[in-house]
Structures are given as structure tokens and as C-alpha cells.
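Listed below, chain by chain, are the residues.
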Amino acid sequence: MTFATILDLVGGFGRFQLIEIFLLSSAYLFLPSHYLIQIFSAGIPSHHCHIRSQENTSWGTNESLLDRDTLKVFIPLDRNQKPEKCLQFTEPQWWLGTQNATAENMTSIDKQPCTDGWTYDTSVFSSTIVTEWDLVCDWRTMRQVAQSIYMAGVLVGAIVFGSLSDRCGRKVSLIWCYLQLAVTGSCAAYSPNFIAYCIFRFLTGMAIAGINMDTMALIVEWMPTRERSITGTIPSHLYTVGLIILAGLAYITPNWRYLQLTVSVPFFVFSLYLWWIPESARWLVSAGKHEQAVNVLKRVAKLNGKAKEGKTLSVETLKTLLVKETTASKSNYSVIDLWRTPVLRRITICMSFVWFSTTFAYYGLTLDLQSFGDNVYLLQVIFGAVDFPAKFIATISLSYLGRRITQSTSLILAGTMILANIVMPDEMPTLRTSLVVLGKGCLASSFVCVYLYTSELYPTVIRQTGLGFGNTMARVGGMVAPMVLTTREYYPSLSLIIFGGAAITSGIIAYFLQETLNEALMDTIEEVESKKKLSKSSSNNETAENILLKSPVSTTC
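Residues numbered from 1 in each chain as written. Predicted model: local features only at pLDDT ≥ 70, side-chain atom pairs only at ≥ 80, totals over all residues. Heavy atoms only, no water.

A. Layout of the overall build of the protein chain. For the protein chain, the count of helices and strands is 27 helices and 4 strands. Taken across its 557 residues, the protein chain has 56% of its residues classed as buried. For the protein chain, the share of sequence-separated contacts (at least 6 apart) that also reach a separation of at least 24 residues comes to 80%. For the protein chain, the exposed surface amounts to about 23600 Å²; the carbon and sulfur share of it is 63%. (Helix = DSSP H or I, 4+ residues; strand = E, 2+ residues; numbered from the N terminus. Buried < 20%, exposed > 50% of the residue type's maximum accessible area, 1.4 Å probe, protein only. Contact = heavy atoms within 4.5 Å. Areas by Shrake-Rupley, 256 points an atom, 1.4 Å probe, with all protein chains shown as cover.)

B. The arrangement of the environment of Lys-289 in detail. The residue Lys-289 is located in the loop between α14 (281-286) and α15 (290-303) in this model. For Lys-289, a relative accessible area of 34% gives the class partly exposed. Counting along the chain gives 26 residues from Lys-289 to Val-315, while the straight-line C-alpha distance between them is 9.4 Å. The contacts of Lys-289, once residues within four sequence positions are left out, are Trp-283 and Leu-284.

C. The arrangement of the side chain of Thr-359 in detail. As for its placement among the helices and strands, Thr-359 is situated in helix α19 (residues 342-366). Here the side chain of Thr-359 touches Trp-355 through a polar contact of 3.1 Å, landing on its backbone oxygen. Beyond its immediate sequence surroundings of up to four residues, Thr-359 is in contact with Phe-447, Ala-474, Arg-475 and Gly-478. (Polar contact = N/O pair within 3.5 Å; in protein donor to acceptor, adjacent residues only side chain to side chain.)

D. Focus on the state of the cysteines. Following the criterion strictly, the structure yields 2 disulfides and no others. Each disulfide pairs two cysteine sulfurs, and for Cys-86 the partner residue is Cys-137, the sulfurs being separated by 2.0 Å. For the disulfide bridge between Cys-86 and Cys-137, the dihedral angle about the S-S bond is near -100 degrees, and by the sign convention the bridge is left-handed. With Cys-86 in the loop between α5 (68-71) and β2 (87-89) and Cys-137 in the loop between α6 (129-133) and α7 (141-168), the pair connects residues that are 51 residues apart, well separated along the chain. Classification of Cys-137 by relative accessible area gives buried; the value is 8%. Disulfide partners in the protein chain, listed by the sequence order of the bonded cysteines, are 1-3, 2-4. (Disulfide = S-S within 2.5 Å.)

E. Here's a closer look at the nonpolar core. Counting residues in each nonpolar core, the largest one holds 100 residues, and the members touching the most others are Tyr-35, Phe-40, Phe-267 and Tyr-363. Contacts of Phe-267, omitting those with residues within four sequence positions, involve Ala-27, Phe-30, Leu-31, His-34, Tyr-178, Leu-181, Ala-182 and Ile-211. Judged by nonpolar contacts, the second largest core, of 18 residues, contains Ile-6, Phe-16, Trp-222 and Val-285. (Core = buried A, V, L, I, M, F, W, Y, C linked by side-chain atoms within 4.5 Å.)

F. Molecular detail of a nonpolar patch on the surface. Residues Phe-392, Ile-393, Ile-396, Tyr-400, Leu-401, Ile-405, Ile-508, Tyr-511 and Phe-512 make up a contiguous nonpolar surface patch of roughly 1000 Å² in combined accessible area. Ranked by residues supplied to the nonpolar patch, first place goes to helix α21 (residues 387-400) with 4 residues. Checked against the element boundaries, Ile-508 lands in helix α25 (residues 494-510). (Patch = residues over 30% accessible without salt bridge, like charges linked within 9 Å, V, L, I, M, F, W, Y side chains within 5 Å. Salt bridge = Lys/Arg side-chain N within 4 Å of Asp/Glu carboxyl O.)

G. Just the pattern of salt bridges, in detail. Evaluation of the coordinates by the stated rule reveals 4 salt bridges. Residue Arg-257 is joined to Glu-132 by a salt bridge in which the shortest nitrogen-to-oxygen separation is 2.4 Å. With Arg-257 in helix α12 (residues 256-262) and Glu-132 in helix α6, the pair connects residues that are 125 residues apart, well separated along the chain. The partly exposed category is assigned to Glu-132, whose relative accessible area is 33%. Between Asp-387 and Lys-440 there is a salt bridge, and its shortest N-O distance comes to 2.9 Å. Here Lys-440 lies in helix α23 (residues 429-457) and Asp-387 lies in helix α21, a separation of 53 residues in the sequence. Look at Asp-387 and you get buried, because its relative accessible area is 0%. In this structure Lys-440 comes out as buried when scored by relative accessible area, which is 1%.

H. Structural detail: the environment of Val-448. Examined against the element boundaries, Val-448 turns out to sit in helix α23. Note: C-alpha distance between Val-448 and Ser-236 (212 residues apart in sequence) is 6.0 Å. Setting aside its immediate chain neighbours within four residues, Val-448 contacts Thr-233, Ser-236, Lys-391, Ala-394 and Leu-398.

I. Quick peek at the packing of aromatic side chains. In this structure the tally under the stated criterion is 21 aromatic pairs. With 5.7 Å between their ring centres and 85 degrees between their planes, Trp-339 and Phe-469 make a pair best called edge-to-face. A residue pair is termed long-range when its members are at least 10 positions apart, and Trp-339 in the loop between α18 (323-328) and α19 and Phe-469 in helix α24 (residues 463-484) qualify at 130 residues. A centroid spacing of 5.3 Å and a plane angle of 15 degrees characterise the contact between Phe-356 and Phe-360, whose relative ring orientation is stacked. (Phe/Tyr/Trp six-rings, centres within 6.5 Å; stacked < 30°, edge-to-face > 60°.)

J. Main features of the packing of helix α22 (residues 403-423) against α23. At a minimum axis separation of 8 Å, α22 and α23 run at an interaxial angle of 155 degrees. Overall, the two elements α22 and α23 adopt an arrangement that is roughly antiparallel. For the crossing formed where α22 meets α23, the hand is left-handed. Its residues placed into classes, the contact of α22 with α23 shows 15 nonpolar, 8 polar and 4 charged. (Axes fitted to C-alpha atoms, helices over the stretch in contact; angles between N-to-C directions. Parallel < 35°, antiparallel > 145°, perpendicular 65-115°, else oblique. Left-handed = near helix turned anticlockwise from the far one by under 90°. Nonpolar A, V, L, I, M, F, W, Y, C, P; charged D, E, K, R; others polar.)

K. Structural detail: the confidence of the model for the protein chain. Summing up the model confidence of the protein chain, the mean pLDDT is 78 and the portion of residues at 70 or higher is 84%. Across residues 54-65 the pLDDT falls below 50, and counting only partners more than four positions away or on other chains, this stretch makes 16 contacts in the model. For the stretch residues 536-557, pLDDT sits under 50, and the model shows 18 contacts to residues farther than four places along the chain or on other chains. (pLDDT = per-residue confidence, 0-100.)

L. Spotlight on the packing of α21 against α23. Their axes nearest at 8 Å, the elements α21 and α23 cross at an angle of 40 degrees. Here α21 lies oblique to α23, going by the angle between them. Handedness of the α21/α23 crossing: right-handed. Contact residues: Asp-387, Ala-390, Lys-391, Ala-394 and Leu-398 in α21; Lys-440, Gly-441, Ala-444, Ser-445, Val-448, Cys-449 and Leu-452 in α23. Here the residues of the contact of α21 with α23 sort into 7 nonpolar, 2 polar and 3 charged.

M. Focus on unusual backbone geometry. Here Asp-134, not a glycine, exhibits a phi torsion of approximately 50 degrees, which is positive. Structurally, Asp-134 can be placed in the loop between α6 and α7.

Right, dumping it as C-alpha cells:
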């Protein structure tokens, strides 16, 4: 007997599963805020060198009264006839204030870097980490460094909490991650300097990784086989809603400290109601905690209106029915087991490419939001809204076409959209932006699939370890993406070539994975290896689940 049959015994998809999905998925309304908050909290407003009051002028000390013509006296113009952001004249050029000066007739005038700081336009962002710590000009790369440090935290968190979850349980790990995110996210809002901010963001990133993996594991491991395609994508759909919520919160909270605090405090509330959610019974069995597993299953059966059936469960019957899982609980597993056998090795290699490229291209596009237009709030809404149809289509495709086709196609289409942007002329900005938005939507579809697909490909004993390793590769992609954006200084389209090429390559690789549509979750490494052999055997046409349905035990479910 498999664990899927035990789930059917205690109610299958019932009231408990609905409540669990609602509670666990609620956090996804705020998770995207932490991933992409730097679009707003590290927004770069228009700026130029600060002009100190001159004793022999009549303009006074209020610099906001200085008009464009007056700025020409102190600030040179760039090629677009706008004030230079990082240069000022060594001496005031009074004659420039009385004529139509251009960038060409300023080339021979001595200039120097800003000496007294910068003046920022606060019409869009009232306060960001850029304006507070002057992360512009020579320090402009620090903004990208901060995001890479956050992604490094997600990477470390994927390693730490992936292993911790398999050893200590999904629920314990998830509660800790909620509290860690709430505390460190709130502390980041009160950071006294840039270094402290990066440290707190690193710790927040670690917690985010654990929340993603543990939430998906708890949902998938409590779901019957038939409902996994739909329920496994619900957190992703709420993540899309969270993208739009982020734009709204950023608009009404233009101060980065208040915005950071607003998206962090709710996780204190999430950590409180999480105590109600039971530990994964599937994990409890794999960990050898059969008595706890029986108690949890009886509780779920009662919530699902199957209390009578739940009373028939005992430690002895559970051990008898789940022989393979009981045997597996006596073994210790690590990340090395992801590479130990041929099938697992192939799964790990293929999924590593998929995780890396999906995140690499996704954040390469979303973190560069300001380059697509001036209204960053509207663009964030558009970038978020496109995920609704993209994820809906992905959900339908997962249910009918399967995981492999969905994963492969979404990545290849995303790469194609990104590369197509290269040949579009600059005179067609709307079309260029539309292609990028469509590419981002395809990458969102890939995200929908990759979490569910990974959870189904790996067995229970190393499921979180596999998800952790996949998340590790994803965060490597997230760390590299901001740095790749700097390559446009050498060749404008180079970053798009890299992002698009990576997506297409991983889409081709994903086609070599095995299909898991309507397949029961595997619990042991041996099941993963034997599944391929069974699929090749012409003498055995019935699936394990069909056989169980014919057994005397399963007919009582």
C-alpha cells in the first residue's frame, strides 16, 4: 500500500486540505514584496550634484527655487540636454545662465565629480536606500550588490533549511522561517547604515527560501494525487496577487523604511496560526515517528468527516501497510544521495539547469523595471497582471499536457520572446516592452511548474533536500542576474542574449525529464530507480494505484 491510499482513507481532498491551503498560501501575498522590494526601496530618482549657496547670488539657500537655466551655471548638460548626474563645473559659469547652452559648448570647461553630495527628485520616491546613503555615481553598483547579497541569503537558506526540513520536519522549519523573516525584515527597516541593511536582508533571504520549500512540501505531501496539479499552483497564483499588492503598497508608502516594515510585520501573525497546521504525516512516517503520524492522520480524518475510518489506524497497521517507508526511516540521507543513483543524477542535473535559468532570466527582467518606462508603479502592475493568464494556462497545461511539456515549452517561449526583443527597433518601445512582458509571463509559468515538478520527481526521504538544491541553483541565478545587467555598458543587447539563451537551453534540457502527471508520489530512492524499469515492462500494464484499488484493504477506503 502507498501513502496515497492512506490519504484516501482519511478523506482524500477534504475540509482539512482546504484550510491548510488557505493558511499556508496567505503568506504568498507578501513574499514577492521581499523579493522585489528593491525596485522601490532602491529606486534611483533623478539627481544631480548638490549646489551650495553662493554668497554673491540672489538665489538664497533654497535650491528648489533654482530653475533649469540657473542649473546650467553649476551643472553641465549630458547628451540628452539634461543635467549631468555625477559632474559639476569646477567654477560657476555665469555666462551659461544667459544663453542657450548645449552639451557641445561645455566640453572645454573644467569639470569635477560632485563634492557636496547630491540633490534628488522626490516626486516619485520620497526616500530610498539610494537617496539615504548616496548609492549613485561611483557607488551605483552597491544597489546591485545589495540585491545580490539578498539572493545569496536565499541561496544559503535553501541549503540550510532544505536539509533542516528533512531532518527536523516541515512544520518546525516553517515556523522558524516565519519568525526569522518577521524579525530580520523589521530590523532592516531600522538599519542605521548600508552594511547593517545588507546583513538583515541576507537573513531575510534565508528565511524566504525556507518558507518557499516548506510550504510547497506541506501542501504537496497532504494532497491526493489527483488534486496536486491544481493545489500545488495556488501559492504561485497568490504570489502574482502579491506582485500587484507590492505596487499599491509602494505607491502609498514612498518611504522605504515604512514600506520595509509594512511587508515584514504580517509574518508575526502568520507564525501564530501556523501552530494549528499538523506536521506532514508522510514525513513523520519517513522519519520513523509512526505514533505521531497516526495521531496526525486521525486528526485529519476527523476534520474531513472520516473519524470512523481514522480510528482503524494504529502504529502496527501503519508499519505493516507502509513497509517501504518504514524501512527508509532507518536510513540517513544527504545531498550526496541526489547524485548517488543514475535516475536521481539525471533528475538533479536537468532540474539544476531549469531552476538556474528560470530565476536567472526572471530577475534579470523584473529587477530592470525602471529601464522600461518612467511610471514604475504602473509597470509593476503590468508585470504582475501578466502572470494571471500565464499561470492559468500553465495550470491547465500541467493537468492535461503534463509537467515535462509545460516546463520545456514555457522556458523555450520565454527565451524566444527575450531574444526577439533584440531585433525590434528602438522606435517601437511599446512592442519591445510587450515582448519582455510576455517573456516574463512565460517565466512565471515556468515557476509554477518547477516547484511542483521538483516535488514530484524526488522521493519523500530527500524531497526537501532536492528542493533545497534546486533553490540553491535558482539563487545562484538570482545573484548573477543583477551583475549581467551591467554588461549593457559594453554591448546594449548582451544581457538579453544571455538571458534568452539560458532560458532556451534549459527548456531543451527539461525535455529529458520523466513525466509525473497522475503518478503517485514516491517515498524512497528505490522507488525512483525501479519506476523506470517498471515503465519499460510490457508485462505489467497496471499502475500501483490501480492494483491497490483492487485489494481488500483499499476497497474499504
